[in-house]
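# Summary of structural features
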Amino acid sequence: MTLWATLMLLGLMTYLWLAGRSNPDDVIGLLEQILAITLGLVVLFIGRSLLLEVLVLVFALRLPAARRNHPVAARSKAGKDMLMPF
């Protein structure tokens, strides 16, 4: 994929994401965000941009890890969520 096509799709993806976040209708906003994510995946997987692939990899590696063997009841009660043990 050429550079101008990649930049055009990334610009459209950004516009759709921001429009989806500011849309007062939840359903249309969610649809716009889904379309934005789809455009991002098209650019990432079909565009073969090494810079974007490295940025996504670094972002994925910086995500917090899930804790194993950590019981739900021992978590902090500071949040407003309601935990129901099964």
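All figures in this text were calculated on a predicted structure; none of them were measured in a lab. (Residues numbered from 1 in each chain as written. Predicted model: local features only at pLDDT ≥ 70, side-chain atom pairs only at ≥ 80, totals over all residues. Heavy atoms only, no water.)

Looking at where Gln33 falls in the secondary structure, it is placed in helix α2 (residues 26-46). Assessed through its relative accessible area of 18%, Gln33 is described here as buried. Once residues lying within four places of it in the same chain are set aside, the contact partners of Gln33 are Trp17, Gly20 and Arg21. (Helix = DSSP H or I, 4+ residues; strand = E, 2+ residues; numbered from the N terminus. Buried < 20%, exposed > 50% of the residue type's maximum accessible area, 1.4 Å probe, protein only. Contact = heavy atoms within 4.5 Å.)

Here Ala5 lies in helix α1 (residues 3-22). The exposure class of Ala5 is buried, given its relative accessible area of 14%.

Looking now at α2. Counted at 1.5 Å a residue, the expected span for α2 with its 21 residues is 30 Å, and the 30 Å between its end C-alpha atoms agrees. For α2, the set of buried residues is Gly29, Glu32, Gln33, Ala36, Leu39, Gly40, Val43 and Leu44. For α2, the angular spread of buried residues about the axis comes to 135 degrees, placing them on one side. Structural note: α2 exposes Val27, Phe45 and Ile46 on the side pointing more than 90 degrees away from its buried face. Lining the buried residues of α2 we find α1 and α3 (50-61). Arg48 occupies a position one or two residues after α2 and carries a positive phi of about 55 degrees. (Expected span 1.5 Å × (residues − 1). Arc of directions from axis to C-beta.)

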